Amino acid sequence: MSSEIFINSNQREIRVALMENSLLVELFIEHSAHKGIVGNIYKGKVTKILPGMQVAFVDIGLEKAGFLYVGDIDVIDMLGLEKDALAPPPPLAEEDKDLPFEGKPGRPHHDVKIQDILQEGQEILVQIAKNPLGTKGARITNYITLPGRHVVYMPTINHISVSRRIEDENEKERLKQLISEIGNEGAGYIVRTAGQDALRSDFESDVSFLHHLWENLKKKSEGISAPHLVYEDLNLIFRSIRDLFTNNTERLVIDSKSDYEKCLEFCTTYMPHLSYKIELYKDPMPIFDHYGVELDINRALGRTIWLKSGGYIIIDQTEALIAIDVNTGKYVGHSDPEDTILKTNLEALKEVVYQLRLRNIGGIIIVDFIDMANEENKEIVSNALKQALKSDRSRTRILKISELGLVEMTRKRVRESLVQTLCDPCDYCEGKGYIKSPSTICYEIIREIQRRGNDSITNKKLEIKVHPVIYDMLFEEESGLLEEMEKQNNLEITFNVNPKLHREKYYIESS
């Protein structure tokens, strides 16, 4: 599928929009003050080992220690064993490895415990596999992965694989044979999608560069003390060129002249055949406004997404999972209700997959499709969902539709979702998404007045500080009750209206 890349770059932030069929399908954002660190390599120091969980925390110089699982440690290298001393790690699943850090190299096929590999205070070379998310520190790995244009180099893993997006079996065999001839013995390589139909000379220059990079990194790490940054990955612009800019890309348009020149220089060095596709945006209108990207971003932050048929889906994010609800809405069909439900579900699943990519939603996802009585229709929807997810570069796992019409699935989460990147929890509702109604607050105040009136110790003058909305409801609907309470309990009630108060907050003071 052909695509376009639009880049909005300034000193404060870089935004990269990947477009397919004139639709925004993926958005990448990097702020100068909060750069992504996935791919960075650090020399760290082990600060704590938890044998019960088989994990270690490693100080890499960031605010929070990195999280290292035993399966992400190169046991053979750390213990100084021969390559065949232990069973090799399971091969990297080809369907999981289009971009770096998507697979999980090194899940152990041994009984070596983390406390037998590491000790507190030990220095270790690690790479960021996942950015810190929420209260969690970065996920790190001891298996170093160096991505190039055509291949990903894994110096400690003896395995060669090919991107799942290269489907031609003859081409796969050609690429594996080529890499086995030019690569280092005992090292690992993944041929990326960009490597399809590439020449031997393309791979040789790529592999040579990565080999030299690894040797330089090892030498640098030997001469420094932990914690210390050893290698910083490319910035978002050059990562996008490396990872997204392919022969199927119609053009790459960027609005910064200085970055445009750097992009041309980068492409001339590493992919000269694509240099002519890079354009400098010169229009006075902001680039994302001109191409409609800004509108797509705003829509991607909404909770409800309407379908063309009149149906809609609702996306809710909780601490544990993402819930997506499908509804027929205004769509009532023409005859058979089961047919109406099937069409709505089929339309909705395409939008669900699109929103997953656009919003970069990861973790556990539950999709509540409209209940279907026909088992054949359930199978149709399930197969259509799997087919639609093939365009997603992140790894997904789907279970069959349950009897309740629910689909359980997982999607690999490497970076923050679009909402987490662009939004903060609401200060007003504290992230709940709702607040108590004015009537609820009014009744709470009335009950508290009753308590104060029945308390012989309480002074009989009460000043109540409330939000204007609460005062209006008390005055309009409960003024008679308040007067009666004043008479019965010999109270004198006055109100202090403060628009700066949270609507749920009120204060009752005795005087």
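Just above, that's the structure.
A short tour of the structure in this document, coming up. (Residues numbered from 1 in each chain as written. Predicted model: local features only at pLDDT ≥ 70, side-chain atom pairs only at ≥ 80, totals over all residues. Heavy atoms only, no water.)

This next bit is on the overall build of the protein chain. Per the secondary structure count, the protein chain includes 14 helices and 24 strands. For the C-alpha atoms alone, the extent of the protein chain along its principal axes is close to 95 × 65 × 55 Å. Out of the 511 residues belonging to the protein chain, those deemed buried represent 48%. Of all intrachain contacts in the protein chain linking residues separated by at least 6 positions in sequence, the fraction that spans at least 24 positions is 69%. Summed over all atoms, the accessible surface of the protein chain reaches about 26,500 Å², with 49% contributed by carbon and sulfur. Computed over 64 positive and 81 negative side-chain charges, the inter-centroid distance for the protein chain is 2 Å. (Helix = DSSP H or I, 4+ residues; strand = E, 2+ residues; numbered from the N terminus. Buried < 20%, exposed > 50% of the residue type's maximum accessible area, 1.4 Å probe, protein only. Contact = heavy atoms within 4.5 Å. Areas by Shrake-Rupley, 256 points an atom, 1.4 Å probe, with all protein chains shown as cover. Lys, Arg positive; Asp, Glu negative; His and termini not counted. Charge placed at Lys NZ, Arg CZ, Asp CG, Glu CD.)

So, on to the side chain of N360. Positionally, N360 belongs in the loop between helix 9 (337-359) and strand 19 (363-368). In this structure the side chain of N360 is engaged in a polar contact, spanning 3.4 Å, whose partner is the side chain of R411. Other than its neighbours up to four places away in sequence, N360 contacts Q355, R411, R415, E416, S417 and L418. (Polar contact = N/O pair within 3.5 Å; in protein donor to acceptor, adjacent residues only side chain to side chain.)

With that settled, the discussion passes to the sheet that holds strand 2 (residues 13-20). Pairing in this open sheet of five strands is mixed, and the strands run 3-2-1-14-15 from one edge to the other. Looking along the sheet, the strands with just one partner apiece sit at the ends: strand 3 (23-31) and strand 15 (278-280). Within the sheet, the average angular offset between the axes of one strand and its neighbour, ignoring direction, is 20°. Sheet analysis places strand 1 (residues 3-9) next to strand 2, joined by seven bridges and oriented antiparallel. Each residue of the ladder has a partner; that of N8, found in strand 2, is R15. In the packing of helix 6 (residues 257-270) onto the sheet, contacts are made with strand 1, strand 14 (249-254) and strand 15, and the angle to strand 15 comes to roughly 165°. Along the sheet, helix 9 contacts strand 2 and strand 3; its crossing angle with strand 3, the most-contacted strand, is approximately 20°. (Pairing = 2+ DSSP bridges. Axes fitted to C-alpha atoms, helices over the stretch in contact; angles between N-to-C directions.)

Applying the stated rule across the entire model yields eight aromatic pairs. Where Y471 meets F475, the ring centres are 6.1 Å apart and the plane angle is 20°; that geometry is what we call stacked. Taken together, the residues Y471 and F475, both in helix 13 (residues 468-477) and four residues apart, mark about one turn of the helix. A relative accessible area of 27% means that Y471 is categorised as partly exposed. Ring centres 5.5 Å apart and planes at 65° place the aromatic pair Y471 and F495 in the edge-to-face group. Taken together, the positions of Y471 in helix 13 and F495 in strand 23 (residues 492-497) put the pair 24 residues apart, joining distant regions of the chain. What makes F495 partly exposed here is its relative accessible area of 27%. (Phe/Tyr/Trp six-rings, centres within 6.5 Å; stacked < 30°, edge-to-face > 60°.)

You can see R411 is positioned in strand 21 (residues 406-411). There is a polar contact of 2.9 Å between the side chain of R411 and the backbone oxygen of I361. Sequence-distant contacts of R411, defined by excluding residues within four places in its chain, comprise L356, R357, N360, I361, G362, G363, I365, D392, S394, R395 and T396.

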